[in-house]
Amino acid sequence: MSEVLQNLFRGAGPDSGDSPITPKNNIEVLKRQFLEAEPPKYAKTTRIEFGSTTFSVVDSDSEAERTEKDETGKLLAPAEVSHYPENNGKPKTELKDQTELGEKDGEKNGLNIESLRRVTSRSSLSSTIGGIKDKISLSMPGDLKKKPEETRLRFVVLFLFLGCVSIVLTSHILYHQHIGELRLFPTVRLEEAERKMLLFDRDDRLVLTADLGVDLPQDLHPYSCIPTLSDQDNVRCIEWKDHARLHIARLDVKGLSCHRLTWQALSEHISPQDCWPVGEGAGHWYGGGESLSSRWPLDQGHINMSPFVTGDEDQTEWGNVIKKYFINSRGLSLMVEDTTPLSVSLNDQGHSGLCLKAHFDDFPYFYHRLDLPFLNYTVCSDGNLGEIYDGQLSRSFWDGHKDTDLEELSRLLQLPLWEVPDTAEGTFTLEEISAYLKTILGRGTAGPGGGDISRGFLLLNYKWQDTMGDIKLSDKLRGVDDLVSKSGLTLVLTLNPFVSTDSPNFKDGVKKGIFVMERNQNNSKNIPALTWFKDTPAAALLDVTNNDTSAWLKEKLRSVRENMNNTFFFLDTGNTFHTPHFFKFKVKLYNPDLYKEHFVKACMEEVQVIGVSGASAKRPKAPAFVHLTTLRSTWDSLRTIIPNVLNLGVIGYPFISPGPVGGKVGSPLLQIDRTKTSSSSSPNQLPQSKGKSVRAEVKPLNGSSIAEVELFTRWWQLATFLPQLHFTTAPSTYRSKNIAPIAKKLKDIKENIVNPELIRFGREAMEISRPVIRPLWMLNPTDEIAQRIDDEFLIGDKILVAPVLHENARRRNVYLPRTYNGQGVWKRGTDGTFFEGGQWLNNSIAELDTILFFIRQPEHARPGN
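Focus on the overall build of the chain
Thought 1: Looking only at helices and strands, the chain features 16 helices and 46 strands.
Thought 2: Taken over 865 residues, the chain has a buried fraction of 50%.
Thought 3: Put simply, 67% of the contacts in the chain that link residues at least 6 apart link residues at least 24 apart.
Thought 4: Surface accessibility of the chain: about 41300 Å² in total, with carbon and sulfur atoms responsible for 50%.

Right under this line is the structure:
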């Protein structure tokens, strides 16, 4: 073997003299000689380069690991091997091929030395690692081999650097994943960087995305904080340092997935504000309350950021009936706590969408103004529009009522409410009441048996008193209760929480300290805070949060009830802006709207109440109706009735009075014509004066004090299908306009078609609180067309009404919705024609004497069957 190696390094083969070894003439000789030389069993490998080929010299004299097998094939330990029997104890050398000729070289030389490769046995882990180390060592540059310690140090530094880079990159990725989307609960996720809350349904589909804390600095990063609430497992706390803290608590409300968001400002400069999307892809919003500037749905309306309190529709953003509740067609609802000093905007310039903001000010959110503001509301989802709505309805509203309450409710649903118009003078007189009774009842005003006929209710405003706040019947109206009762009507008196400074009760109230006080004055002086109401320029407000005030009020009401027969009351509470600006209640209220609840509760404990002018939180006890603000006599006003009635029904007020038919034109004053006399004595005559009987005839003070006949007719047609038919102007005023045939037709529809359904669904409202008047989507919550219809409505799920609401219109388009469980079958009330649901009836004819309505039939119903 040594001779072969010597010839190899010398460049000549043993059989070829001194001739040099070349790939072309001697490679076969080398192959043969190396193949004939038997390789050793124990060897150390040394690399030798030969042209483009690398060989390894394997020397058995090294201290390499030695192994051998015995005759049975058992592996012997290295210590047991001490000789080389195959070569007389001398080591042998093996030449191994380590690389293959490249494809190009192989083709050029026409050679194949694959047979030169031999693989050394790898019988242990150490030999394998050693081979790898050898390969790495051979591949390293020469200067690194010369300085092993320095090389080792360089590798250590390199590994540390790469480790640091990996940690930084991993942290960066995890951070952005964290701020990108954080799952707070199964259906709630938070994008911290943009402060967006994503709500999902039970199938993990996105419902809506809200912008949280929109007024917080955009570059402010939130941190987790420890929840202050007791149930920490279901609460997540997030804080924006020195700005605001947000608690999100998971709730279970009647099977719905609900989450309460509680914002707490940490700086006096911060007012928490969240905005929910409005527009395409964001569903449709409903609720809030009465407003001339809102629409049905709310999406296309506009409301400036302002306190969410009651007010005058034509002067403020909201009317007399509101509730901090909104619902979205994508299956989501928002309910704001009454303790929140809430302001609301819709499509405002500052922020698009429906925005909820909390802040204190001097008015109306005066109390707790020294505290930092908080925004507290609950979001519920996990269902479609109908499931979300039904899941939050109050059950068993009948609890706490009597049989007489439900009897009066039934009468109010069926019979009209007649409101005596205001007078030119200060107080009503018996003469004026008699005159008005004649206009509405004709010759059947009174007489034998007249009191046995139930013709409705007669409403007098506060002018049944000499001055507002007397809570005593004027002497001018002595006997009015008997007169009204004999006419077949029930007397209703209006009561206000205001006491005029001209009333004897004002002096008594100041002495007893029963009024809302001026907060900047010394309490010992009992100086009340003054305000105005109606045509009373100076009045005090009864502080019904004071127990002494409630006792005083009940005593006055008890005296009226005991001295008058069969008399009910209507409560005209005013709105927030009738509250004295610098008010101070006995009990601190979060907003002055809440005093209405105290006033209504105190009155209902003593007398029968059939109506209230407004509400801001709770539904009044039956049989009380909630009344819309009296509207101006215009076509635009007429078109607001359906959206407002639908909105109030959705937020929890099922019994709505839409206000007087025809609206009001200027001052609806009446006068008595005393020029006509009669020698006969009849029930229609007024009390005699100087031996003559004065015949009553009511006439408008001017030609513009009543609505135009077409507007009055269309208004009357709409009101016929609503829960209460309310008149101020008697239909007989239009006798010359040939209104009698229309009146006869509407009377027949009211008594035979509408009233039975009003009673039926009125009972359902007492049981599960569904409104009597419903939007079309309550029949099929998934019908997107029904979600947008603002000029049709349903009585329960039975009658669809499509009134004409535009001047000179004699045709209109009508949409008939599908039902939730089927196509739906509808029968037109005017001619009995059957129609399938899910279609438009375009250009349906509706002459002035016609209102279009459709009665829902069973799914299998067909004409003739």
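Topic: the pairing of strand 31 (residues 609-612)
Each regular strand carries side chains that alternate between the two faces of the sheet.
Thought 1: When strand 29 (residues 567-571) meets strand 31, the two strands line up parallel, connected through three bridges. Each residue of the ladder has a partner; that of Phe-570, found in strand 31, is Gly-611.
Thought 2: By the bridge criterion, two bridges tie strand 31 to strand 32 (residues 625-627) in an arrangement that is parallel. The partner of Gly-611 across the bridge, within strand 32, is Phe-625.

Describing the sheet that holds strand 31
Thought 1: Strands sit in the order 33-32-31-29-24-23-22-38 across an open sheet of eight strands; the sheet is parallel. Where the open sheet ends on each side, the last strands, each with one partner, are strand 33 (656-657) and strand 38 (726-727).

Things to note about helix 13 (residues 595-604)
Thought 1: Residues Tyr-595, Lys-596, Phe-599, Val-600, Ala-602 and Cys-603 constitute the buried set of helix 13. All buried residues of helix 13 fall inside an arc of 165° around its axis, so they share one side.
Thought 2: On the buried face of helix 13, the contacting elements are strand 24 (489-495), strand 25 (498-500), strand 28 (536-541), helix 12 (547-563), strand 29 and strand 31.

Some details on the packing of helix 14 (residues 635-650) against helix 15 (residues 709-720)
Thought 1: Between helix 14 and helix 15, the least distance of the axes is 11 Å, while the angle of their chain directions is 5°. On the basis of the axis angle, helix 14 is roughly parallel to helix 15. Counted together, Trp-635, Ser-637, Leu-638, Ile-641 and Ile-642 of helix 14 and Glu-710, Leu-711, Arg-714, Trp-715 and Leu-718 of helix 15 form the full contact between these two elements.
Thought 2: Grouping the constituent residues of the contact of helix 14 with helix 15 by class yields seven nonpolar, one polar and two charged.

A few points about the environment of Ser-306
Thought 1: Considering the arrangement of structural elements, one finds Ser-306 in strand 16 (residues 303-307).
Thought 2: Among all residues touching Ser-306, those that are not within four sequence positions of it are Glu-317, Ser-343 and Val-344.

Regarding the nonpolar core
Thought 1: Core analysis: the biggest nonpolar cluster contains 150 residues, and Ile-433, Leu-458, Phe-721 and Phe-793 have the highest contact counts within it.
Thought 2: With residues up to four places along the chain from it excluded, the contact list for Phe-721 reads Ile-749, Val-754, Ile-773, Phe-793, Ile-795, Ile-799, Val-801, Ile-851 and Phe-853.
Thought 3: Of all hydrophobic cores here, the second largest spans 45 residues; its members include Ala-244, Trp-276, Phe-326 and Tyr-377.

Observations regarding the pattern of salt bridges
Thought 1: One pass over the structure, following the stated rule, counts 30 salt bridges.
Thought 2: In this structure, Lys-324 and Asp-338 form a salt bridge, with 3.7 Å as the shortest nitrogen-oxygen distance. Here Lys-324 is found in strand 17 (residues 322-328), whereas its partner Asp-338 is found in the loop between strand 18 (332-336) and strand 19 (342-346), with 14 residues between them in sequence.
Thought 3: On the basis of relative accessibility, which here comes to 4%, the residue Lys-324 falls in the buried class.
Thought 4: Across the salt bridge formed by Glu-792 and Arg-812, the nearest N and O atoms sit 3.5 Å from each other. Highlighted residues: Glu-792 in the loop between strand 39 (773-774) and strand 40 (793-795) and Arg-812 in strand 42 (residues 811-816), separated in sequence by 20 residues. Exposure class is identical for Glu-792 and Arg-812. Each is buried.
Thought 5: Through salt bridges with shared partners, a single ionic network connects Asp-390, Glu-764, Arg-770 and Arg-774.

So, the packing of helix 15 against helix 16 (residues 740-768)
Thought 1: Relative to each other, helix 15 and helix 16 sit at 10°, their axes nearing to 10 Å. In terms of orientation, helix 15 lies roughly parallel with respect to helix 16. Of the residues in helix 16, those touching helix 15 at Thr-713, Trp-716, Gln-717 and Thr-720 are Ile-742, Ala-743, Leu-746, Ile-749, Lys-750 and Val-754.
Thought 2: Class assignment for the residues of the contact of helix 15 with helix 16 results in six nonpolar, three polar and one charged.

Focus on the sheet that holds strand 18
Thought 1: The eight strands lie next to each other as 10-11-12-13-21-18-17-15, forming an open sheet whose pairing is antiparallel. The sheet terminates laterally at strand 10 (223-224) and strand 15 (285-289), the two strands that pair on one side only.
Thought 2: In this sheet, strand 21 (residues 374-381) lies alongside strand 13 (residues 256-265) in antiparallel orientation, the contact comprising eight bridges. Its bridge partner being in strand 21, Leu-261 is matched across the sheet by Tyr-377.
Thought 3: Helix 14 contacts strand 15 and strand 17 of the sheet and is inclined by roughly 85° relative to strand 15.

Overview of the environment of Arg-812
Thought 1: Taking relative accessible area as the criterion, Arg-812 reaches 10% and is therefore assigned buried.
Thought 2: Taking the C-alpha atoms as reference points, Arg-812 and Asn-843, 31 residues apart in sequence, are found 5.1 Å from one another.
Thought 3: For Arg-812, the residues in contact, after removing those within four places along its chain, are Asp-791, Glu-792, Ala-802, Pro-803, Val-804, Leu-841, Asn-842, Asn-843, Ser-844 and Leu-852.
Thought 4: A distance of 3.1 Å separates the side chain of Arg-812 from the side chain of Asp-791, its partner in a polar contact.
Thought 5: Of the polar contacts made by the side chain of Arg-812, one reaches the backbone oxygen of Pro-803; its length is 2.6 Å.

Comments concerning helix 8 (residues 403-414)
Thought 1: Over its twelve residues, helix 8 runs 17 Å from end to end, which matches the ideal 16 Å to within 8%, given 1.5 Å per residue.
Thought 2: Elements in contact with the buried residues of helix 8: strand 23 (456-460), strand 29, strand 31, strand 32 and helix 16.

Concerning the packing of aromatic side chains
Thought 1: If you walk through the whole model with that rule in mind, you get 19 aromatic pairs.
Thought 2: Between the aromatic rings of Phe-308 and Phe-326, the centroid separation amounts to 6.2 Å while the plane-to-plane angle is 55°, which identifies the pairing as tilted. One end of the pair, Phe-308, is in the loop between strand 16 and strand 17; the other, Phe-326, is in strand 17, and 18 residues separate them in sequence.
Thought 3: Chaining the aromatic ring pairs together yields one cluster made of Trp-418, Phe-712, Trp-716, Phe-727 and Tyr-734.
Thought 4: Directly above the ring of Phe-200 sits Arg-189, whose terminal nitrogen or CZ lies 4.0 Å from the centroid.
Thought 5: Across the ring face of Phe-397, the terminal group of Arg-619 is positioned such that the distance to the ring centre comes to 3.4 Å.

Observations regarding the confidence of the model for the chain
Do not read the fine detail of predicted coordinates wherever pLDDT is low.
Thought 1: The predicted model of the chain has a mean per-residue pLDDT of 81, with 74% of residues at 70 or higher.
Thought 2: Confidence drops under pLDDT 50 across residues 60-71; counting only partners more than four residues distant or on other chains, this segment forms 36 contacts.
Thought 3: Confidence drops under pLDDT 50 across residues 667-704; counting only partners more than four residues distant or on other chains, this segment forms 63 contacts.

A word on unusual backbone geometry
Thought 1: Cis geometry marks the peptide bond from Trp-296 to Pro-297; its omega dihedral reads -10°.
Thought 2: Mapping Pro-297 onto the fold places it in the loop between strand 15 and strand 16.
Thought 3: Ala-622 connects to Pro-623 through a cis peptide bond whose omega is 15°.
Thought 4: Mapped onto the elements of the fold, Pro-623 is located in the loop between strand 31 and strand 32.
Thought 5: A positive phi angle is found at Ile-471, which is not glycine, with a value near 50°.

Notes on the pairing of strand 17
Thought 1: In terms of burial, strand 17 is largely enclosed, as six of its seven residues are buried.
Thought 2: Here strand 15 pairs with strand 17 via four bridges, running antiparallel. Looking at strand 17, one finds that Trp-285 is bridged to Asn-328.
Thought 3: Pairing of strand 17 with strand 18 involves four bridges; the strand directions are antiparallel. Considered in strand 18, the bridge of Phe-326 is made with Leu-334.
Thought 4: Between strand 17 and strand 18, which pair antiparallel and follow one another directly, the connecting turn spans three residues, one of which, Gly-331, has a positive phi of 90°.

The rules we used
Residues numbered from 1 in each chain as written. Predicted model: local features only at pLDDT ≥ 70, side-chain atom pairs only at ≥ 80, totals over all residues. Heavy atoms only, no water. Helix = DSSP H or I, 4+ residues; strand = E, 2+ residues; numbered from the N terminus. Buried < 20%, exposed > 50% of the residue type's maximum accessible area, 1.4 Å probe, protein only. Contact = heavy atoms within 4.5 Å. Areas by Shrake-Rupley, 256 points an atom, 1.4 Å probe, with all protein chains shown as cover. Pairing = 2+ DSSP bridges. Arc of directions from axis to C-beta. Axes fitted to C-alpha atoms, helices over the stretch in contact; angles between N-to-C directions. Parallel < 35°, antiparallel > 145°, perpendicular 65-115°, else oblique. Nonpolar A, V, L, I, M, F, W, Y, C, P; charged D, E, K, R; others polar. Core = buried A, V, L, I, M, F, W, Y, C linked by side-chain atoms within 4.5 Å. Salt bridge = Lys/Arg side-chain N within 4 Å of Asp/Glu carboxyl O. Polar contact = N/O pair within 3.5 Å; in protein donor to acceptor, adjacent residues only side chain to side chain. Expected span 1.5 Å × (residues − 1). Phe/Tyr/Trp six-rings, centres within 6.5 Å; stacked < 30°, edge-to-face > 60°. Lys NZ or Arg CZ within 6 Å of the ring centre and 35° of its normal. pLDDT = per-residue confidence, 0-100.

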